[in-house]
Amino acid sequence: VDVCLRATHRRLEIAVALTTDLTREAARIHRLAATSAVALGRLLAGTALLAITGKHEGSTSVQILSKSRIGQIYADCTDDGDARGMARNPDLAFPVGEAERASGRRSLHLAVHPGRISVVRRVASGEYAQSSTQLVTGEIDEDIESYVVHSDQIPTVVACDVVLGEEDAVVAAGGVLVRTMPDGDRDELGRVADRLRGGALARALEASPSAERLLELAAPGAEVVDAPSPLRYRCRCSRERVLASLRMFPVEDLASMVGDAKPVEVNCDLCGRKYPVQPEDLLRAFEDLIKAEG
Ligand SMILES: [Zn+2]
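These figures come from a predicted structure and were not determined experimentally. Position numbers for residues count from 1 along each chain, tracking the sequence in the order it is written. Confidence filtering applies because this is a predicted model: local features only for residues at pLDDT of at least 70, side-chain atom pairs given and counted only at 80 or more, and all residues used for totals across whole chains, interfaces and linings. Side-chain metrics in this entry use all non-hydrogen atoms of the structure; hydrogen atoms and water are not considered.

## Section: the layout of surface pockets
Both site types are read off a 1 Å grid over the protein atoms alone. A 1.4 Å probe that fits but cannot get out defines a cavity, while an open set with protein on both sides within 12 Å along at least five of seven lines defines a pocket; lining residues have an atom within 4 Å of a point. Grid points are joined across faces, edges and corners, and a volume is the space filled by probe spheres set on the points. Empty space within the largest pocket amounts to approximately 660 Å³. Lining the largest pocket are 24 residues, with Arg241, Ser245, Met248, Asp269 and Leu270 sitting closest to its centre. By definition, any uninterrupted DSSP run of H or I lasting at least four residues is a helix, any uninterrupted run of E lasting at least two residues is a strand, and each is numbered from the N terminus. Going through the elements one at a time, β3 (59-66), β4 (72-78), β5 (82-87), β6 (115-122), α9 (239-245) and β13 (264-267) are the ones with two or more residues in the lining of the largest pocket. Among the elements that line the lining of the largest pocket, the one with the most residues is α9, at four residues. Classifying every residue of the lining of the largest pocket by side-chain character gives 13 nonpolar, seven polar and four charged. The space that makes up the second largest pocket amounts to roughly 230 Å³. Along its surface, the second largest pocket is lined by Val96, Glu100, Arg101, Gly104, Arg106, Val162, Val163, Leu164, Gly165, Asp168, Ala202 and Glu206. Elements that contribute at least two residues to the lining of the second largest pocket include exactly α3 (98-103), β8 (156-164) and α7 (200-207). Ranked by the residues each element gives to the lining of the second largest pocket, the list is headed by β8, at three residues. Just so you know the grouping, Ala, Val, Leu, Ile, Met, Phe, Trp, Tyr, Cys and Pro go in nonpolar, Asp, Glu, Lys and Arg go in charged, and all remaining residues, Gly too, go in polar.

Quick look at the structure:
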(Lines give C-alpha, C1' and ligand atoms only; values in the text may rest on other atoms or scores of the structure.)
Protein backbone atom coordinates (compact mmCIF):
# COMPACT_ATOMS: atom_id res chain seq x y z
CA VAL A 1 0.00 0.00 0.00
CA ASP A 2 1.34 3.43 -0.96
CA VAL A 3 1.94 5.80 1.93
CA CYS A 4 3.65 9.01 2.87
CA LEU A 5 5.55 9.38 6.15
CA ARG A 6 6.72 12.60 7.74
CA ALA A 7 9.60 12.82 10.16
CA THR A 8 12.15 15.17 11.68
CA HIS A 9 15.83 14.75 12.35
CA ARG A 10 18.35 17.39 13.54
CA ARG A 11 16.01 20.20 12.50
CA LEU A 12 15.52 18.66 9.10
CA GLU A 13 12.00 18.13 7.82
CA ILE A 14 11.66 14.78 6.04
CA ALA A 15 8.90 13.33 3.86
CA VAL A 16 9.07 9.84 2.41
CA ALA A 17 6.65 8.44 -0.16
CA LEU A 18 6.22 4.86 -1.27
CA THR A 19 4.55 5.07 -4.68
CA THR A 20 4.82 1.52 -6.11
CA ASP A 21 1.10 0.92 -6.63
CA LEU A 22 0.36 4.29 -8.15
CA THR A 23 3.34 3.99 -10.51
CA ARG A 24 2.09 0.54 -11.57
CA GLU A 25 -1.34 2.03 -12.18
CA ALA A 26 0.19 4.83 -14.30
CA ALA A 27 2.19 2.23 -16.26
CA ARG A 28 -0.95 0.14 -16.83
CA ILE A 29 -3.20 3.05 -17.90
CA HIS A 30 -0.66 4.61 -20.25
CA ARG A 31 1.08 1.34 -21.32
CA LEU A 32 4.44 2.85 -20.42
CA ALA A 33 7.65 1.40 -21.81
CA ALA A 34 10.70 1.34 -19.51
CA THR A 35 12.16 4.84 -19.85
CA SER A 36 8.74 6.50 -19.91
CA ALA A 37 7.74 4.52 -16.79
CA VAL A 38 10.83 5.62 -14.85
CA ALA A 39 10.30 9.23 -15.94
CA LEU A 40 6.62 9.43 -15.03
CA GLY A 41 7.23 7.39 -11.85
CA ARG A 42 9.89 9.81 -10.62
CA LEU A 43 7.64 12.75 -11.46
CA LEU A 44 4.66 11.20 -9.63
CA ALA A 45 6.73 10.56 -6.49
CA GLY A 46 8.24 14.06 -6.56
CA THR A 47 4.85 15.68 -7.14
CA ALA A 48 3.29 13.71 -4.27
CA LEU A 49 6.12 14.82 -1.98
CA LEU A 50 5.63 18.48 -2.95
CA ALA A 51 1.84 18.23 -2.50
CA ILE A 52 2.09 16.65 0.91
CA THR A 53 4.82 18.90 2.31
CA GLY A 54 3.24 22.12 0.98
CA LYS A 55 1.91 24.42 3.64
CA HIS A 56 -1.31 24.90 1.71
CA GLU A 57 -4.55 23.13 0.93
CA GLY A 58 -5.22 22.21 -2.66
CA SER A 59 -3.33 20.49 -5.42
CA THR A 60 0.18 20.67 -6.83
CA SER A 61 0.86 20.16 -10.54
CA VAL A 62 4.26 19.64 -12.11
CA GLN A 63 4.83 19.76 -15.84
CA ILE A 64 8.03 19.08 -17.74
CA LEU A 65 8.23 20.38 -21.29
CA SER A 66 11.23 18.68 -22.83
CA LYS A 67 12.95 19.39 -26.12
CA SER A 68 14.14 15.79 -26.05
CA ARG A 69 12.33 12.53 -26.80
CA ILE A 70 9.99 12.42 -23.81
CA GLY A 71 8.23 15.60 -24.97
CA GLN A 72 5.82 16.43 -22.17
CA ILE A 73 5.24 14.71 -18.85
CA TYR A 74 2.76 15.85 -16.26
CA ALA A 75 1.69 14.87 -12.76
CA ASP A 76 -0.56 16.34 -10.12
CA CYS A 77 -1.46 15.42 -6.57
CA THR A 78 -3.94 16.75 -4.03
CA ASP A 79 -2.91 17.53 -0.47
CA ASP A 80 -4.73 14.37 0.62
CA GLY A 81 -2.82 12.08 -1.69
CA ASP A 82 -4.79 11.63 -4.94
CA ALA A 83 -2.12 11.53 -7.66
CA ARG A 84 -2.30 11.11 -11.45
CA GLY A 85 -0.18 11.83 -14.48
CA MET A 86 0.59 11.29 -18.14
CA ALA A 87 3.51 11.08 -20.57
CA ARG A 88 3.12 12.44 -24.11
CA ASN A 89 5.51 9.76 -25.35
CA PRO A 90 4.74 6.52 -23.47
CA ASP A 91 6.89 4.32 -25.74
CA LEU A 92 10.45 5.33 -24.81
CA ALA A 93 12.73 2.43 -23.92
CA PHE A 94 16.41 3.37 -23.94
CA PRO A 95 18.99 0.60 -23.59
CA VAL A 96 20.40 0.26 -20.06
CA GLY A 97 24.10 1.13 -19.88
CA GLU A 98 26.80 -0.58 -17.83
CA ALA A 99 26.95 2.19 -15.23
CA GLU A 100 23.16 2.17 -14.82
CA ARG A 101 23.13 -1.58 -14.33
CA ALA A 102 25.85 -1.31 -11.69
CA SER A 103 24.22 1.54 -9.75
CA GLY A 104 20.62 0.36 -10.06
CA ARG A 105 19.58 3.81 -11.22
CA ARG A 106 18.54 4.54 -14.79
CA SER A 107 19.63 7.76 -16.41
CA LEU A 108 16.92 9.94 -17.95
CA HIS A 109 19.24 12.71 -19.13
CA LEU A 110 19.15 11.78 -22.83
CA ALA A 111 15.37 11.26 -22.81
CA VAL A 112 14.42 14.43 -20.93
CA HIS A 113 17.14 17.14 -21.05
CA PRO A 114 16.96 20.01 -22.05
CA GLY A 115 13.64 21.57 -21.14
CA ARG A 116 11.70 23.41 -18.47
CA ILE A 117 9.90 22.35 -15.33
CA SER A 118 6.92 24.34 -14.16
CA VAL A 119 5.00 23.97 -10.95
CA VAL A 120 1.50 25.20 -10.17
CA ARG A 121 0.41 25.21 -6.55
CA ARG A 122 -3.31 25.70 -6.26
CA VAL A 123 -4.88 26.76 -3.01
CA ALA A 124 -8.40 26.01 -1.80
CA SER A 125 -9.59 29.59 -2.40
CA GLY A 126 -9.04 29.05 -6.14
CA GLU A 127 -5.89 31.16 -6.37
CA TYR A 128 -2.68 29.64 -7.61
CA ALA A 129 1.03 30.30 -7.82
CA GLN A 130 3.02 29.26 -10.87
CA SER A 131 6.70 29.40 -11.65
CA SER A 132 9.21 27.55 -13.78
CA THR A 133 12.94 26.90 -14.16
CA GLN A 134 15.24 25.22 -16.66
CA LEU A 135 15.87 21.51 -16.18
CA VAL A 136 19.35 21.03 -14.70
CA THR A 137 19.98 17.36 -15.57
CA GLY A 138 16.76 15.82 -16.85
CA GLU A 139 16.86 13.20 -14.08
CA ILE A 140 13.57 14.71 -12.83
CA ASP A 141 14.19 14.33 -9.07
CA GLU A 142 17.27 16.56 -9.38
CA ASP A 143 15.22 19.00 -11.46
CA ILE A 144 12.45 19.11 -8.84
CA GLU A 145 15.12 19.67 -6.18
CA SER A 146 16.66 22.54 -8.13
CA TYR A 147 13.20 24.05 -8.69
CA VAL A 148 12.38 23.93 -4.96
CA VAL A 149 15.75 25.35 -3.92
CA HIS A 150 15.28 28.29 -6.31
CA SER A 151 11.58 28.95 -5.72
CA ASP A 152 11.41 28.42 -1.95
CA GLN A 153 15.00 29.46 -1.11
CA ILE A 154 15.27 26.58 1.35
CA PRO A 155 18.14 24.05 1.19
CA THR A 156 16.39 20.87 0.01
CA VAL A 157 17.25 17.37 -1.22
CA VAL A 158 14.85 15.40 -3.43
CA ALA A 159 15.50 11.82 -4.56
CA CYS A 160 12.94 9.65 -6.37
CA ASP A 161 13.25 6.38 -8.22
CA VAL A 162 11.50 3.53 -9.95
CA VAL A 163 12.87 -0.01 -10.04
CA LEU A 164 11.85 -2.20 -12.98
CA GLY A 165 12.03 -5.99 -13.07
CA GLU A 166 11.29 -8.74 -15.57
CA GLU A 167 9.70 -7.43 -18.76
CA ASP A 168 10.06 -3.93 -17.34
CA ALA A 169 7.29 -4.41 -14.76
CA VAL A 170 7.35 -1.83 -11.95
CA VAL A 171 8.87 -3.58 -8.89
CA ALA A 172 9.05 -0.59 -6.56
CA ALA A 173 8.88 3.20 -6.62
CA GLY A 174 9.25 5.97 -4.08
CA GLY A 175 10.95 9.15 -3.07
CA VAL A 176 12.35 11.25 -0.28
CA LEU A 177 12.24 15.02 0.23
CA VAL A 178 14.36 16.59 2.97
CA ARG A 179 14.69 20.28 3.77
CA THR A 180 16.17 22.32 6.54
CA MET A 181 14.06 24.13 9.11
CA PRO A 182 15.35 27.54 10.18
CA ASP A 183 18.75 26.85 11.83
CA GLY A 184 18.65 23.34 10.37
CA ASP A 185 21.82 21.28 10.13
CA ARG A 186 23.09 21.84 6.57
CA ASP A 187 25.99 19.43 6.99
CA GLU A 188 23.50 16.73 7.91
CA LEU A 189 21.45 17.64 4.81
CA GLY A 190 24.60 17.01 2.75
CA ARG A 191 25.04 13.62 4.40
CA VAL A 192 21.36 12.80 3.66
CA ALA A 193 22.03 13.60 -0.01
CA ASP A 194 25.08 11.32 -0.02
CA ARG A 195 23.04 8.46 1.46
CA LEU A 196 20.36 8.76 -1.26
CA ARG A 197 22.42 9.51 -4.36
CA GLY A 198 24.28 7.34 -6.83
CA GLY A 199 21.51 4.74 -7.01
CA ALA A 200 21.36 4.15 -3.23
CA LEU A 201 17.64 4.97 -3.15
CA ALA A 202 16.91 2.59 -6.05
CA ARG A 203 18.89 -0.21 -4.40
CA ALA A 204 17.03 0.30 -1.11
CA LEU A 205 13.68 0.25 -2.94
CA GLU A 206 14.64 -3.00 -4.61
CA ALA A 207 15.87 -4.65 -1.41
CA SER A 208 12.99 -3.61 0.82
CA PRO A 209 10.23 -1.44 -0.60
CA SER A 210 8.78 0.23 2.51
CA ALA A 211 8.47 3.84 3.62
CA GLU A 212 10.17 2.97 6.94
CA ARG A 213 13.18 1.54 5.10
CA LEU A 214 13.50 4.68 2.96
CA LEU A 215 13.33 6.86 6.07
CA GLU A 216 16.00 4.70 7.74
CA LEU A 217 18.21 5.09 4.66
CA ALA A 218 17.80 8.89 4.47
CA ALA A 219 18.09 9.69 8.17
CA PRO A 220 18.81 6.85 10.58
CA GLY A 221 17.19 7.63 13.92
CA ALA A 222 14.71 10.16 12.53
CA GLU A 223 11.53 10.66 14.50
CA VAL A 224 8.20 10.04 12.74
CA VAL A 225 5.88 12.99 13.43
CA ASP A 226 2.46 11.76 12.35
CA ALA A 227 0.55 8.70 11.20
CA PRO A 228 1.33 7.52 7.66
CA SER A 229 -1.07 9.06 5.13
CA PRO A 230 -2.27 7.11 2.07
CA LEU A 231 -1.34 7.88 -1.53
CA ARG A 232 -3.22 6.53 -4.53
CA TYR A 233 -3.72 6.97 -8.26
CA ARG A 234 -7.07 8.69 -8.55
CA CYS A 235 -8.32 10.92 -11.34
CA ARG A 236 -10.64 13.85 -10.75
CA CYS A 237 -12.07 14.00 -14.26
CA SER A 238 -15.78 14.37 -14.87
CA ARG A 239 -18.19 14.64 -17.77
CA GLU A 240 -18.27 18.43 -17.29
CA ARG A 241 -14.48 18.69 -17.58
CA VAL A 242 -14.43 16.51 -20.67
CA LEU A 243 -17.13 18.67 -22.29
CA ALA A 244 -15.16 21.80 -21.36
CA SER A 245 -12.02 20.25 -22.89
CA LEU A 246 -13.81 19.92 -26.25
CA ARG A 247 -13.37 23.69 -26.61
CA MET A 248 -9.58 23.10 -26.76
CA PHE A 249 -9.96 20.92 -29.87
CA PRO A 250 -8.84 22.42 -33.19
CA VAL A 251 -11.89 24.08 -34.70
CA GLU A 252 -11.74 22.02 -37.92
CA ASP A 253 -11.75 18.73 -35.93
CA LEU A 254 -14.74 19.83 -33.93
CA ALA A 255 -16.50 21.03 -37.10
CA SER A 256 -16.02 17.64 -38.73
CA MET A 257 -17.36 15.82 -35.62
CA VAL A 258 -20.41 18.10 -35.64
CA GLY A 259 -20.85 17.39 -39.37
CA ASP A 260 -20.87 13.61 -38.72
CA ALA A 261 -23.72 14.12 -36.21
CA LYS A 262 -22.82 10.90 -34.39
CA PRO A 263 -22.00 10.25 -30.73
CA VAL A 264 -18.23 10.14 -30.09
CA GLU A 265 -16.05 8.98 -27.20
CA VAL A 266 -13.62 11.39 -25.60
CA ASN A 267 -10.87 9.90 -23.42
CA CYS A 268 -9.48 11.50 -20.28
CA ASP A 269 -5.72 11.96 -20.91
CA LEU A 270 -4.92 11.16 -17.26
CA CYS A 271 -6.89 7.99 -16.54
CA GLY A 272 -8.06 6.78 -19.95
CA ARG A 273 -11.73 6.80 -18.93
CA LYS A 274 -14.03 7.10 -21.94
CA TYR A 275 -16.87 9.59 -21.93
CA PRO A 276 -19.61 9.31 -24.55
CA VAL A 277 -20.42 12.71 -26.06
CA GLN A 278 -23.71 13.26 -27.89
CA PRO A 279 -24.07 15.26 -31.13
CA GLU A 280 -25.93 18.09 -29.31
CA ASP A 281 -23.03 18.46 -26.83
CA LEU A 282 -20.59 18.61 -29.75
CA LEU A 283 -22.69 21.28 -31.42
CA ARG A 284 -22.84 23.33 -28.20
CA ALA A 285 -19.04 23.08 -27.74
CA PHE A 286 -18.54 24.07 -31.37
CA GLU A 287 -20.80 27.13 -30.99
CA ASP A 288 -18.98 28.14 -27.79
CA LEU A 289 -15.64 27.83 -29.56
CA ILE A 290 -16.80 29.92 -32.53
CA LYS A 291 -18.16 32.61 -30.18
CA ALA A 292 -14.93 32.61 -28.15
CA GLU A 293 -12.86 33.02 -31.32
CA GLY A 294 -15.15 35.80 -32.56
ZN1 LIG B 1 -9.59 10.99 -15.73
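## Points about the packing of α7 against helix α8 (residues 211-218)
Two elements in contact, α7 and α8, have axes whose closest approach is 10 Å; the angle formed by their N-to-C orientations is 145°. Between α7 and α8 the crossing geometry is right-handed. Contact residues: α7 offers Ala200, Leu201, Ala204 and Leu205, while α8 offers Arg213, Leu214 and Leu217. When the residues that make up the contact of α7 with α8 are grouped by side-chain class, the tally is six nonpolar, no polar and one charged. Geometry is summarised by axes, namely lines fitted to C-alpha atoms with helices restricted to the contacting stretch, and by angles between N-to-C directions that run from 0 to 180 degrees. With the far helix as reference, a near helix turned anticlockwise by less than a right angle produces a left-handed crossing, and one turned clockwise produces a right-handed crossing. Residue contacts follow a heavy-atom distance rule, with two residues in contact if any of their heavy atoms lie within 4.5 Å.

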